[in-house]
Amino acid sequence: MHGVMDPAKYRKIRDEFGDTVAALGAEIPDMVVLTADLMYPTRTEKFAQLYPRRFFDVGVAEQNLVGIAAGLATCGKIPLVADYANFICLRAGEQVRNDIVYTNLNVKLAALSSGLTFGVGGPSHQSYEDLGLMRALPGLTVIVPSDARLSGLAVRAAMNHRGPVFLRLGRDEEKIVYAENPPYEIGRAIQLRDGRDIAILANGPMVAEAVEAADGLAESGIRARVLDVHTLKPIDREAVETCARETRGIITVEEHNIIGGLGSAVVETLAEEPGCPVVRIGIPDIFPVIGPTFELRRHLGLTAAAVMEKARQLLAGAKNR
């Protein structure tokens, strides 16, 4: 297991992303970076300054952005596309599907400002259906890191992974989960807390809320296991099935529509393993209102307090069955 730092400490996801991308430029000579008029918001200007001949800003043309990345991949380059999540998945969705995933090209899609992290941008910039869309594409690896430190490790792992990868990354400051670099492996969940009363499975910024909830539950004698399911596809089937066998119920927590994301993936994984109740916490099947990110999360019940309440309800129901 891996401990957590003081949840009052924060680090900007995109700052970590920019630093990692710049460092990888020296390590991977065939790496190229592309963006669509978002060099500064995605922090890829650091890479551009160091390697100007390996950086491409195509302007506000996301379909063209993905098409150029596909072309560069056929020439032996390893393209990293840095754009807002909503634009990659929706505006350039057909190019992602047909040009990259269908042909299994070695392109990395860095989808920043995902979920509610661009809260004041409203539905045109928020993304809460992206994981459902990307998870449905055959052969596409889907990664949702929890904090800045894990985001850096995930970008590095993605660049060294052969095949197309979708990286769902945040935007600004998020709670730091990991006190130090954990052993990171694509497809292998990380256990942060141990317990056999209930299991809380989370990804993205909800991992910090899951840990806080587990610590709060422990004060009342409820031991909650917490897993950071940073790889949504391929999901760590063994870890999920173990939680189903060893605990009295599972709660999934995600900053995504309740349809198609982590909750759906866990339920699908356990479809042939009946007997374990699963409660899903996420964004309801709505377009959320516009507002600051952390206020939106509170408004939608994406908090440690909400997780604790659901855990107690689930355990009470399990006792009565």
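As the structure is a computational prediction, the values presented were derived from the model and not from experiment.

Details of the nonpolar core
Thinking step 1. Ranked by internal contacts, the top residues of the largest apolar core, which has 63 residues, are Phe17, Met31 and Ile200.
Thinking step 2. Ranked by the residues each element gives to this core, the list is headed by helix α8 (residues 206-218), at eight residues.
Thinking step 3. Each residue touching methionine 31, except ones within four places of it in the same chain, is listed here: Val21, Leu24, Gly25, Phe47, Arg54, Ile78, Leu80 and Met159.

Some words on helix α1 (residues 13-27)
Thinking step 1. An ideal rise of 1.5 Å per residue puts 21 Å on 15 residues; α1 measures up with 21 Å between its terminal C-alpha atoms.
Thinking step 2. Ile13, Arg14, Asp15, Phe17, Gly18, Thr20, Val21, Ala22, Leu24 and Gly25 are the residues of α1 that are buried.

Structural notes on the pattern of salt bridges
Thinking step 1. Applying the stated criterion across every chain yields a total of 21 salt bridges.
Thinking step 2. Aspartate 130 is the partner of arginine 168 in a salt bridge, and the nearest nitrogen-oxygen pair spans 2.7 Å. One end of the pair, arginine 168, is in strand β7 (residues 165-168); the other, aspartate 130, is in helix α6 (residues 130-135), and 38 residues separate them in sequence. Here arginine 168 and aspartate 130 have matching classes, each one buried.
Thinking step 3. For arginine 225, the salt bridge identified is with glutamate 246, shortest N-O distance 2.9 Å. Of the two residues, arginine 225 is situated in strand β11 (residues 224-228) and glutamate 246 in helix α9 (residues 237-246); the sequence distance between them amounts to 21 residues.
Thinking step 4. Here the salt bridges do not stand alone but share partners, grouping Arg11, Glu16, Asp19 and Lys46 into one network.

With respect to the sheet that holds strand β14 (residues 278-283)
Note on sheets: strands pair through backbone hydrogen bonds, and any given pair is parallel or antiparallel.
Thinking step 1. Reading across the sheet, the five strands line up as β9-β11-β10-β13-β14 and stay open at both edges, with mixed pairing between neighbours. The open sheet has two edge strands with one neighbour each: β9 (190-193) and β14. Each neighbouring strand pair of the sheet contributes to a mean axis angle of 25 degrees, computed without reference to strand direction.
Thinking step 2. Bridge count between strand β13 (residues 250-257) and β14: five bridges; the pairing is parallel. Bridge pairing links isoleucine 250 to valine 278 in β14.
Thinking step 3. Its contacts with the sheet place α9 against β10 (198-202), β11 and β13, and it is angled at close to 170 degrees to β11.

Some details on the packing of α1 against helix α7 (residues 148-159)
Thinking step 1. Their axes nearest at 9 Å, the elements α1 and α7 cross at an angle of 35 degrees. Read as a crossing pair, α1 and α7 show a hand that is right-handed. Between α1 and α7, the residues in contact are Ile13, Glu16, Phe17, Thr20, Val21, Ala23, Leu24 and Glu27 and Ala148, Ser151, Gly152, Val155, Arg156 and Met159, respectively.
Thinking step 2. Split into classes, the residues belonging to the contact of α1 with α7 amount to eight nonpolar, three polar and three charged.

Let's talk about the sheet that holds strand β5 (residues 108-112)
Thinking step 1. Strand order in the open sheet made by the seven strands is β3-β2-β4-β5-β7-β6-β12, with mixed pairing throughout. Two strands lie at the open edges of the sheet, namely β3 (55-57) and β12 (231-233), each paired on one side alone. Strand-to-strand, the axes of this sheet are offset by a mean angle of 20 degrees, without reference to chain direction.
Thinking step 2. As defined by bridge partners, strand β6 (residues 141-143) adjoins β12 across two bridges and the pair is classed as antiparallel. The partner of isoleucine 143 across the bridge, within β12, is threonine 231.
Thinking step 3. Strand contacts of α7: β2 (31-35), β4 (78-84), β5, β6 and β7, with the helix running at about 170 degrees to β7, the strand carrying the most contacts.

Concerning the packing of aromatic side chains
Thinking step 1. In the structure shown here, the tally under the stated rule is five aromatic pairs.
Thinking step 2. Geometrically, the ring pair formed by tyrosine 10 and phenylalanine 294 is edge-to-face, given 6.4 Å between the ring centres and 85 degrees between the ring planes. Placement of the pair is tyrosine 10 in strand β1 (residues 10-12) and phenylalanine 294 in helix α11 (residues 293-299), with a sequence separation of 284 residues.
Thinking step 3. Its relative accessible area of 36% is what places tyrosine 10 among the partly exposed residues.
Thinking step 4. Here phenylalanine 47 and tyrosine 51 contribute two aromatic rings whose centre-to-centre distance is 5.1 Å and whose plane-to-plane angle is 50 degrees, an arrangement assigned as tilted. Across this residue pair, the class does not change: phenylalanine 47 and tyrosine 51 are buried.
Thinking step 5. Taken together, the ring pairs connect Tyr84, Phe87 and Phe118 into an aromatic cluster.

A word on the side chain of asparagine 106
Thinking step 1. By secondary structure assignment, the location of asparagine 106 is in the loop between α5 (93-101) and β5.
Thinking step 2. With a relative accessible area of 7%, asparagine 106 lands in the buried category.
Thinking step 3. Among the polar contacts made by the side chain of asparagine 106, one reaches the side chain of lysine 108 at a distance of 2.5 Å.
Thinking step 4. Of note is the side chain of asparagine 106, whose polar atom sits 2.9 Å from the backbone nitrogen of glycine 163.
Thinking step 5. Excluding residues that lie within four positions of it along the chain, asparagine 106 makes contacts with Ala73, Lys77, Ile78, Pro79, His161, Arg162, Gly163 and Pro164.

Looking at the side chain of arginine 171
Thinking step 1. With respect to the helices and strands, arginine 171 occurs in the loop between β7 and β8 (173-175).
Thinking step 2. Since its relative accessible area comes to 13%, arginine 171 is described here as buried.
Thinking step 3. Side chain to side chain, arginine 171 and tyrosine 84 meet in a polar contact 3.3 Å long.
Thinking step 4. Those residues in contact with arginine 171 that lie beyond four places of it in its chain are Lys12, Ile13, Arg14, Tyr84, Ser113, Thr117 and Phe118.

Calculation notes
- Each chain has its residues counted from 1, following the order in which its sequence is written.
- Whole-chain, interface and lining totals are the exception, using all residues; otherwise, since this is a predicted model, local features are given only for residues with pLDDT of at least 70 and side-chain atom pairs are given and counted only at 80 or more.
- Hydrogen atoms and water are omitted, and side-chain values are computed over all heavy atoms in the structure.
- Joining through side-chain atoms within 4.5 Å is the link that ties buried Ala, Val, Leu, Ile, Met, Phe, Trp, Tyr and Cys residues into a set, and such a set is a nonpolar core.
- Only protein chains enter the calculation, and the probe is 1.4 Å; a residue is then buried if its accessible area is under 20% of its type maximum, exposed if over 50%, and partly exposed in between.
- Secondary structure follows DSSP: runs of H or I at least 4 residues long count as helices, runs of E at least 2 residues long count as strands, and numbering of each begins at the N terminus.
- Contact criterion: two residues are considered in contact whenever any of their non-hydrogen atoms come within 4.5 Å of each other.
- Expected span of a helix, by definition, is 1.5 Å for each gap between consecutive residues, and there is one gap fewer than residues.
- A pair is scored as a salt bridge if a Lys or Arg side-chain nitrogen falls within 4 Å of a carboxyl oxygen belonging to Asp or Glu.
- Each pair of strands is called paired provided DSSP finds at least two bridges between the two strands.
- Comment: axis = line fitted to C-alpha atoms, over the contacting stretch for helices; angle = value between 0 and 180 degrees taken between N-to-C directions.
- Take the far helix as the reference: if the near one is turned anticlockwise from it by less than a right angle, the crossing is left-handed, and if turned clockwise, right-handed.
- Under the convention adopted here, Pro, Cys and the residues Ala, Val, Leu, Ile, Met, Phe, Trp and Tyr are nonpolar, Asp, Glu, Lys and Arg are charged, and Gly plus all remaining residues are polar.
- The aromatic pairing rule takes the rings of Phe, Tyr and Trp, using the six-membered ring of Trp, and pairs them if the centres are within 6.5 Å, calling planes under 30 degrees apart stacked, those over 60 edge-to-face and the rest tilted.
- Side-chain atoms alone can form a polar contact between residues adjacent in sequence; in general such a contact is a pair of N or O atoms within 3.5 Å, and within protein one must be able to donate a hydrogen while the other accepts it.

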